[in-house]
Each structure stands twice: as C-alpha cells, then as structure tokens.
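# Architecture at a glance
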Amino acid sequence: MRLLVFILACLFIAQHAVAQLDATERRFLRESATMSPAALDAMERAADPEALRREIAHILALDNLSVGSRRTVDPVTGESAIHHYLRERIAAAPGVELLGVMKDMSAFPVSLDNLLMKPEQTPATLTAAGQTVEVDPLWPNGPMPSLTPAAGLTGRLVDVGAADWEDLDGLDLRGSICLMNFGGGRNWERLFELGAVAVVVCEDGFVSRDKAERLFTTTPVPFPRFYANRAKAEQLRALAAAGTDAHLRGGQVFENRPLRSVFAYLPPTEPVRYTVQPDDLLARIALQYQTTAADIRERNADVLPPADEAL
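Residues numbered from 1 in each chain as written. Predicted model: local features only at pLDDT ≥ 70, side-chain atom pairs only at ≥ 80, totals over all residues. Heavy atoms only, no water.

Time to look at the overall build of the chain. When helices and strands are counted, the chain shows eleven helices and ten strands. Summarising the internal contacts of the chain: among those between residues at least 6 apart in sequence, 71% fall at separations of at least 24. Split by element, the accessible area of the chain, about 16700 Å² in all, is 56% carbon and sulfur. (Helix = DSSP H or I, 4+ residues; strand = E, 2+ residues; numbered from the N terminus. Contact = heavy atoms within 4.5 Å. Areas by Shrake-Rupley, 256 points an atom, 1.4 Å probe, with all protein chains shown as cover.)

Before going further, it helps to examine helix α9 (residues 230-241). Side chains of residues three or four places apart in an α-helix project in the same direction, reflecting 3.6 residues per turn. End to end, α9 covers 16 Å across twelve residues, agreeing with the expected 16 Å (1.5 Å per residue, within 8%). Buried residues of α9: Ala233, Leu236, Leu239 and Ala240, and no others. The arc enclosing the buried residues of α9, seen along the axis, measures out at 120 degrees, which places them on a common side. In α9, the exposed residues that point more than 90 degrees away from the buried face are Ala231, Glu234, Ala238 and Ala241. For α9, the elements touching its buried residues are β2 (125-128), β3 (131-134), β5 (153-159), β6 (177-181), β7 (198-202) and β8 (225-228). Directly after α9, the chain includes Gly243, whose backbone phi takes a positive value near 70 degrees. (Expected span 1.5 Å × (residues − 1). Buried < 20%, exposed > 50% of the residue type's maximum accessible area, 1.4 Å probe, protein only. Arc of directions from axis to C-beta.)

This part covers the packing of aromatic side chains. The full count for this structure, using the stated rule, is three aromatic pairs. Plain terms: the ring middles of Phe192 and Phe223 are 5.4 Å apart, the flat faces sit at 55 degrees to each other, and that makes the pair tilted. In this pair, Phe192 is assigned in helix α7 (residues 188-193) and Phe223 in the loop between α8 (209-213) and β8, connecting sequence segments 31 residues apart. When its relative accessible area of 35% is taken as the criterion, Phe192 is described as partly exposed. The buried category is assigned to Phe223, whose relative accessible area is 2%. Here a set of aromatic residues connected by ring pairs shows up, and it is made of Trp188, Phe192 and Phe223. (Phe/Tyr/Trp six-rings, centres within 6.5 Å; stacked < 30°, edge-to-face > 60°.)

A cluster of nonpolar side chains, namely Leu99, Met102, Phe263 and Tyr265, defines an oily patch on the protein surface of about 400 Å² accessible area. Those elements that place two or more of their residues in the nonpolar patch are β1 (97-111) and β10 (252-265). Residue position: Leu99 is located in strand β1. For Leu99, a relative accessible area of 55% puts it in the exposed group. (Patch = residues over 30% accessible without salt bridge, like charges linked within 9 Å, V, L, I, M, F, W, Y side chains within 5 Å. Salt bridge = Lys/Arg side-chain N within 4 Å of Asp/Glu carboxyl O.)

Our next topic: the sheet that holds β3. Pairing in this open sheet of eight strands is mixed, and the strands run β3-β2-β9-β5-β6-β7-β8-β4 from one edge to the other. Sheet topology places β3 and β4 (136-137) at the edges, where each strand pairs with a single neighbour. Pairing geometry for β5 and β6, over three bridges, is parallel. Its bridge partner being in β6, Leu157 is matched across the sheet by Ile177. (Pairing = 2+ DSSP bridges.)

Turning our attention to helix α5 (residues 81-92). For α5, which comprises twelve residues, the first-to-last C-alpha distance of 17 Å matches the rise-based estimate of 16 Å (1.5 Å per residue) to within 8%. Buried within α5 are the following residues: Ile82, His83, Tyr85, Leu86 and Ile90. Seen from one end, α5 has its buried residues packed into an arc of 160 degrees, which puts them on one side. Of the exposed residues in α5, the ones pointing more than 90 degrees away from its buried face are Glu88, Ala91 and Ala92.

A full pass over the atoms with the stated rule returns seven salt bridges. A salt bridge links Asp159 to Arg237, with the nearest nitrogen and oxygen atoms 3.2 Å apart. Of the two residues, Asp159 is situated in strand β5 and Arg237 in helix α9; the sequence distance between them amounts to 78 residues. Between Arg174 and Asp172 there is a salt bridge, with the nearest N and O atoms lying 2.9 Å from each other.

When you line up the elements, Glu255 lands in strand β10. Glu255 sits in the buried class, given a relative accessible area of 11%. Of note is the side chain of Glu255, whose polar atom sits 3.3 Å from the backbone nitrogen of Met117. Not counting residues up to four positions away in its chain, the partners in contact with Glu255 are Ser106, Ala107, Phe108, Val110, Asn114, Leu115, Leu116 and Met117. (Polar contact = N/O pair within 3.5 Å; in protein donor to acceptor, adjacent residues only side chain to side chain.)

Let's shift gears to the packing of helix α4 (residues 49-62) against α5. With their axes 9 Å apart at the nearest point, α4 and α5 run at an angle of 140 degrees to one another. By the angle between their axes, α4 is oblique relative to α5. Pair α4 / α5 crosses with right-handed handedness. In this structure, α4 contributes Glu55, His58, Ile59 and Leu62 to the contact, and α5 contributes Ala81, Ile82, Tyr85 and Arg89. (Axes fitted to C-alpha atoms, helices over the stretch in contact; angles between N-to-C directions. Parallel < 35°, antiparallel > 145°, perpendicular 65-115°, else oblique. Left-handed = near helix turned anticlockwise from the far one by under 90°.)

Detailed reading of the predicted coordinates is not advisable wherever pLDDT is low. Per-chain confidence: the chain averages 79 in pLDDT, with 76% of residues scoring 70 or above. Every residue in residues 1-19 scores below 50 in pLDDT, and together they form 57 contacts with partners more than four places removed in sequence or on other chains. (pLDDT = per-residue confidence, 0-100.)

The following block contains the structure:
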C-alpha cells in the first residue's frame, strides 16, 4: 500500500514537472518498483527533482514509514494519515478517479508495544553499558516476525560491517548480537550459520527496496532482525568498539488488524513510439518495452506484415 502511495505521488508530480533526474536519483527510482524501462524513462524526463523531494518530505512528515514501523495506522478503522493524503491527491489530480476502498481483516506483524491486546510498555530496545537504544523489528518477515524470547537475548555486541567474508575473518560470533550494514543484505544468513543470536541492521548509504528485500525471508528462521537509523547505528557501533555485552528485547507478533486499500484509476500516458530498425524482431521490441509480440501486432495490425516476425 505504501509503495502504491509513493508511485502515485511520483506520477502526480510527473504531470507538472520539467527537469530531469540525475544518475543517482534515476538509480533509486528504478529500484522503487517493478516498472517498465519505458515508463521509468518517461517519468524521469518529466520529473522535477525538487518537487519530488518536497512531496516525499511531506509524505514522510505525515506518517512514520521507517523500516519496521506500523505504529500510526488507526487500530479501529485501519486508515492512516497516508490514506487521507491519498484521497486528497486522487480528488485533486486531473483524470484520476477513485475506484473504491477494499476493507477486510488481515494478520500484520505488529510490534509488542503497539498491540491492541496487552501492549508492552516499551518498544524493542538494545541495552549496553547502561545505554538503551530503541530499535525497530524488520518486517515483513514471512511466517515468523522478528521476536526475542520474553526475557530477551544477551550476547557480545559485534560490529561485522557488511558481513562480507573478509569482515568475518577471525571472528567468533557464537552467541553474539551483530551490527550489520544495510548494504550487507542477505549476508545476515552467514551470521546465523556462524552462531549469532540476532542482528541489528544499521542504516548506511545503501538503503533501498532491493536491499531491504534481501533482509527478509519466507521461511521460519528463528533469527531476530532489527533496524537502527544512522544516528542510533553510530551509538551502537561505539558500544561495540568498547567490547561490551548487550541485551536485546522485544519484537513483533502477528495480530489481526482492519485492512483498508485505496484503488484509483490513472489515465494512460502517451503511447510509446518506436522506429523499427532493419532486422528487428517483434519479440526483441516487446522485451525492451515490457509487452508481448502479440500485443504489438494487435495494436499495429494496419502496418505490420501478417506472417513472419522478422521485420
């Protein structure tokens, strides 16, 4: 749902923007969703970077979209500030039509301090050397949300960087609580195999949807994973450098919550125009523009030869 909000916001902005995104912004936009290259290129050509930044900043100010948080969704209606924002944008955008709202109940991973039934008094925390840092459980996490035992977990706090093999060389991770860079991605599996009991993923310069998906699993692995933003990560790394033990507690469990999804019709963009080159194949053109040869034939039946796919 939140990804849908982000995409809609980008499309709304693209209707009125004039500047082109730079290479870094282009890369992050490509990682934001599965969209055809042609659609992304059209969006990038039209997008105004400053307008996009302002819009994203406004969205982030409405709700807490940090990794692991579902705290501001209304527990009664299932609607949040993001839903209200989306309704306003749909109503104001030319050609965009609200199709309806789907209401249902669904199981969500919810932090222990945000449960409707018997919430904990404190959120997930990591305590070391008398300092307590609040951390967020990573989600979604398939059939087993990130959760410590009721008494928590205690172990040496070890900074493993990106958890590449050279970072782990010579380290004894048995019983440890590891700090791993976000860019380490699926390297958390190595920590689990080497005997670590939990990992806190630390914000770095590689936070993206693609990297985030590598932190999750669809199998019930009993290895709690938490998230710390950049400021908290620096504090935790300083504690790890001092060689201290740490105590980690909290996490998430599944709880049935009202589900509300907003559906809208976005008017189609201008059709892509492609100049056929000698020896082009419809299959190759279709692959480039995320469609099928049959669809190209159907849309261009008046000009395409009826038989051979080679042009």
